[in-house]
Number of protein chains: 2
Amino acid sequence: MNPTGWRAYLVTQGSLSAGRDTTSIVEAAIAGGVDAVQLRDKDRSARDRYRLGRRLRDLTAAADVPLIVNDRVDLAAAIDADGVHLGQSDLPVAVARDRLGDGAILGCSTSTVAEAEAARSAGADYLGVGAVYGTDSKDVPDATNGIGTDRVAAIADAVDVPVFGIGGIDATNADAVAAAGATGAAVISAITAAEDPEAATATLREVIEDAR
Amino acid sequence: MNPTGWRAYLVTQGSLSAGRDTTSIVEAAIAGGVDAVQLRDKDRSARDRYRLGRRLRDLTAAADVPLIVNDRVDLAAAIDADGVHLGQSDLPVAVARDRLGDGAILGCSTSTVAEAEAARSAGADYLGVGAVYGTDSKDVPDATNGIGTDRVAAIADAVDVPVFGIGGIDATNADAVAAAGATGAAVISAITAAEDPEAATATLREVIEDAR
């Protein structure tokens, strides 16, 4: 449950799932040992995410895998998720804490040391850091150019909460992200678009664990 | 406070406010006697709407004008708004009720008698009905073709809560909407784009009041 133990953190995006539905991707990721799941699917309506979120809550609860909701504090509360992940233009971390309470896991997207320190001060329990390698996808939040592993290291050194690299990370480069001090990696396509999402999850976990 | 007394219901949209900021539009509408304000501004980030919403809450509270938030239950709670307005693809009305409690004012966008009856059964306190006249703007939610005043009358007959026409309504046609049984009119451009938003609000109220 605690983010300190997360290695492979799946962020869902149905439009990047090679025609498969998000539910089946999450089932495969759980079978592969995923440590946490974030309901993102930002191109869907709140109503659709609510329906999807209830299914994901059932699946993740049965497997004792934390479920985090991107952006929407109300949706997180409505589906009894474990927490919420907030970008720099979402509701402030402190507001989410007020609404969800001390037991909620709050994550925040950051790309600089200053943003990271501010998010930590506001009460974030973990940070998403990126985009580490940049991406040609438009589906990585809050950054488009890669910040590199040196920045990951600087942020990991600056804060006392787990940091997760995000953006362009897969099993071929996750070792460098972990070696830089990241607790794990948050990925979309490396799992959602993989031919075998279960195997991709297991491999990603292993690469990160070995590099730490 | 109670929607049964609302005649002119302003829905904010900075991008349709002729270069003026939403705060100044709301100040003018309050001076003109607006009965309720909905924070919409859907093109802004949640963070921006939170900042704007706190200012609007101060203004509306000082004038004893209800403030409703479009779509986001979390934002409504965070700024201590009086309620939330939900579209057909937003979180369900019953979920909003669970989060905000019995004292919250919950509105729902509907365009058919079936949707209206479902929203009422789910606990909506009032209904937005439209788009009544259609619009060439893309900023009217959940409908693009005008449903006409006959549909407004059918919905007003079918439910025991206030209905507000929305979509293409201004002081030149609001009388027909009120005569069809609407409690009032929810408008964006008729106030936000008016040369004199205060006068436009006062005139709209008067037209509706006279036609009832």
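Residues numbered from 1 in each chain as written. Chains lettered and ligands numbered in written order. Predicted model: local features only at pLDDT ≥ 70, side-chain atom pairs only at ≥ 80, totals over all residues. Heavy atoms only, no water.

1. Observations concerning the nonpolar core
- Ranked by size, the top nonpolar core spans 106 residues in total, and within it A:Ile79, A:Leu127, A:Val163, B:Ile79, B:Leu127 and B:Val163 carry the most contacts.
- Ignoring sequence-local partners within four residues, the contact set of B:Val163 consists of B:Leu127, B:Val129, B:Ile155, B:Ala156, B:Gly181, B:Ala182, B:Thr183 and B:Gly184. (Core = buried A, V, L, I, M, F, W, Y, C linked by side-chain atoms within 4.5 Å. Buried < 20%, exposed > 50% of the residue type's maximum accessible area, 1.4 Å probe, protein only. Contact = heavy atoms within 4.5 Å.)

2. Quick word on the sheet that holds strand β6 (residues 126-130) of chain A
All names here are of chain A.
- If you trace the eight strands once around the closed barrel, you get β1-β2-β3-β4-β5-β6-β7-β8, paired in parallel fashion. Taking the axes of each pair of neighbouring strands and ignoring which way they run, one obtains an average angle of 25° across the sheet.
- As judged from the four bridges shared by strand β4 (residues 83-86) and strand β5 (residues 105-110), these two strands associate in the parallel manner. What sits directly across from Val 84, in β5, is Leu 106. (Pairing = 2+ DSSP bridges. Helix = DSSP H or I, 4+ residues; strand = E, 2+ residues; numbered from the N terminus. Axes fitted to C-alpha atoms, helices over the stretch in contact; angles between N-to-C directions.)

3. Description of unusual backbone geometry
- The omega angle of the peptide bond from A:Gly130 to A:Ala131 is 0°, so this bond is cis rather than trans.
- Mapped onto the elements, A:Ala131 comes out in the loop between β6 and α6 (148-158).
- One non-glycine residue, B:Ala18, lies in the positive phi region at around 50°.
- Tracing the backbone through its elements, the reader meets B:Ala18 in the loop between β1 (8-11) and α1 (22-31).
- A positive phi angle, near 60°, is found at B:Asp64, a position not held by glycine.
- Secondary-structure assignment places B:Asp64 in the loop between α2 (46-63) and β3 (67-70).
- Overall, the relative accessible area of 63% leaves B:Asp64 in the exposed class.

4. Concerning the UniProt feature "binding site: Mg(2+)" (unreviewed entry) in chain A
- Those residues carrying the UniProt feature "binding site: Mg(2+)" (unreviewed entry) are A:Asp71 and A:Asp90 in this numbering. The named residues occupy 20 residues along the chain; their greatest pairwise C-alpha distance, 6.0 Å, places them in one compact cluster. When only the residues just named are considered, the largest pocket is lined by A:Asp71 and A:Asp90.
- Checked against the element boundaries, A:Asp71 lands in the loop between β3 (67-70) and α3 (73-78).
- With relative accessibility at 10%, the residue A:Asp71 sits in the buried group.
- Look past the residues within four positions of A:Asp71 in its chain and what remains in contact with it is A:Lys42, A:Val84, A:His85, A:Leu86, A:Asp90, B:Arg72 and B:Asp74.
- Inspection of the secondary structure assignment puts A:Asp90 in the loop between β4 and α4 (93-100).
- Residue contacts for A:Asp90: discarding those within four places in its chain leaves A:Lys42, A:Asp71, A:His85, B:Ala46 and B:Arg47.
- Looking at A:Asp90, its side chain comes within polar contact range of the main-chain nitrogen of A:Gly87, at 2.7 Å. (UniProt positions renumbered as here; feature names shortened; annotations may be inferred. 1 Å grid on protein atoms, 1.4 Å probe; cavity = no way out; pocket = protein on both sides within 12 Å on 5 of 7 lines; lining within 4 Å. Polar contact = N/O pair within 3.5 Å; in protein donor to acceptor, adjacent residues only side chain to side chain.)

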